[in-house]
Amino acid sequence: ALHLPSGTAVFDDGGLWDPALNEFVTKTSFKFNVAAGTYTVDAQLFPFTPVSTTIFVGVAGSSVTLPAFAKKSTLMGSVTLPSASFNPYGQFVSVQAVPLATGTAVNLAYGVAAAGGFGGVQLPPGAVTGFYNIPGVDPGQYRIVGNVQGLSSVSTGPITVASVDLDNIDLPAFTQGGVITGTVT
């Protein structure tokens, strides 16, 4: 049984090494002694989406089975610069998964952050192509946007992300941006 002091809201069992069994042992169920009432049980396990359920505990006790965890996805694809002349010293190409649903947010242990994901690839000097990855993307619909210094941004999508990794989400080749001219006074 796991016992936590009153007011404890978060714990990490983490498992332990059992030298007698010569294996790592984790718990699959926990017992809490709580007063009768309604409780919300939240669970987080990387790289899965958090799950939550609400349960009423009566004087006789109760048990709860959490909803199944859904695996977060990794998105992968290629980026292409117009030529090696745009990359004489090496370039970082940033790639973002931007959710199509507005107001989409995820509840993190330390606050609330926008859903989606960020990744990219560091291209060595002279390279014109590379492969990016964006880890930890929740299920949903996204537009994939690439940015690199000195070139116009590119995008593809919409793409639908389920609970599987997706590859070959190749971005269109970057192109040279337009020129802004004028006089500053």
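Before reading on, note that the structure itself is shown above.
Residues numbered from 1 in each chain as written. Predicted model: local features only at pLDDT ≥ 70, side-chain atom pairs only at ≥ 80, totals over all residues. Heavy atoms only, no water.

Focus: the overall build of the protein
- The number of helices and strands found in the protein is zero helices and 12 strands.
- For the protein, the succession of helices and strands along the chain, N to C, is β-β-β-β-β-β-β-β-β-β-β-β.
- By the burial criterion, 25% of the 185 residues in the protein qualify as buried.
- Pairs at least 24 residues apart make up 56% of the contacts formed inside the protein by residues separated by at least 6 positions.
- Summing over all exposed atoms, the protein offers an accessible surface of approximately 12200 Å²; the carbon and sulfur share of this is 57%. (Helix = DSSP H or I, 4+ residues; strand = E, 2+ residues; numbered from the N terminus. Buried < 20%, exposed > 50% of the residue type's maximum accessible area, 1.4 Å probe, protein only. Contact = heavy atoms within 4.5 Å. Areas by Shrake-Rupley, 256 points an atom, 1.4 Å probe, with all protein chains shown as cover.)

Thoughts on the pattern of salt bridges
- For the coordinates displayed, the defined rule picks out two salt bridges.
- The partner of D165 in a salt bridge is K71, and the shortest N-O contact between them spans 2.9 Å. Residue D165 is located in the segment after β12 (154-161), and its partner K71 is located in the loop between β4 (51-57) and β5 (73-80); the two are separated by 94 residues in the primary sequence.
- Its relative accessible area of 40% is what places D165 among the partly exposed residues. (Salt bridge = Lys/Arg side-chain N within 4 Å of Asp/Glu carboxyl O.)

Some remarks on the nonpolar core
- Counting 22 residues, the largest nonpolar core has L75, V79, V93, V95, Y132, I144 and F174 as its most contacted members.
- Contributing elements (two or more residues each) for this core: β5, β6 (91-99), β9 (117-123), β10 (129-137), β11 (140-147) and β12.
- Among residues more than four places away in sequence, those in contact with V93 are V79, G119, G120, V121, L123, N147, V148 and F174. (Core = buried A, V, L, I, M, F, W, Y, C linked by side-chain atoms within 4.5 Å.)

A few points about the pairing of β11
- Examined bridge by bridge, β6 and β11 share six bridges and lie antiparallel to one another. In the strand pairing of β11, V98 is matched with R143.
- The pairing of β11 with β12 spans six bridges and is antiparallel. Across the sheet, residue Y142 finds its bridge partner in β12, namely I159.
- Connecting the antiparallel pair β11 and β12 is a turn made up of six residues, with G150 showing a positive phi of about 85°. (Pairing = 2+ DSSP bridges.)

Here we look at the side chain of T49
- You can see T49 is positioned in the loop between β3 (37-43) and β4.
- Other than its neighbours up to four places away in sequence, T49 contacts F69, A70, K72, D138 and P139.

Here's the deal with unusual backbone geometry
- Of note, the bond from G157 into P158 is cis; its omega dihedral lies within 30 degrees of zero at 10°.
- Position of P158 among the secondary structure elements: in strand β12.
- Here N22, not a glycine, exhibits a phi torsion of approximately 60°, which is positive.
- Tracing the backbone through its elements, the reader meets N22 in the loop between β1 (16-18) and β2 (23-25).
- One non-glycine residue with positive phi stands out, namely N168, at about 65°.
- Mapping N168 onto the fold places it in the segment after β12.
- Judged by its relative accessible area of 63%, N168 falls in the exposed class.

Describing the environment of R143
- Topologically, R143 is positioned in strand β11.
- Sequence separation between R143 and L100 is 43 residues; the distance between their C-alpha atoms is 6.7 Å.
- Contact partners of R143, with chain neighbours within four places excluded, come to Q96, A97, V98, L100, S155 and T156.

Re the environment of I55
- Assignment of secondary structure puts I55 in strand β4.
- Sequence separation of I55 and T38 is 17 residues, and the distance between their C-alpha atoms is 5.7 Å.

A short note on a nonpolar patch on the surface
- Together, F30, F32 and V34 line one region of the surface with nonpolar side chains, adding up to about 250 Å² of accessible area.
- Relative to the elements of secondary structure, V34 occurs in the loop between β2 and β3.
- Overall, the relative accessible area of 41% leaves V34 in the partly exposed class. (Patch = residues over 30% accessible without salt bridge, like charges linked within 9 Å, V, L, I, M, F, W, Y side chains within 5 Å.)

Scope: geometric values only; no functional claims are made or implied.
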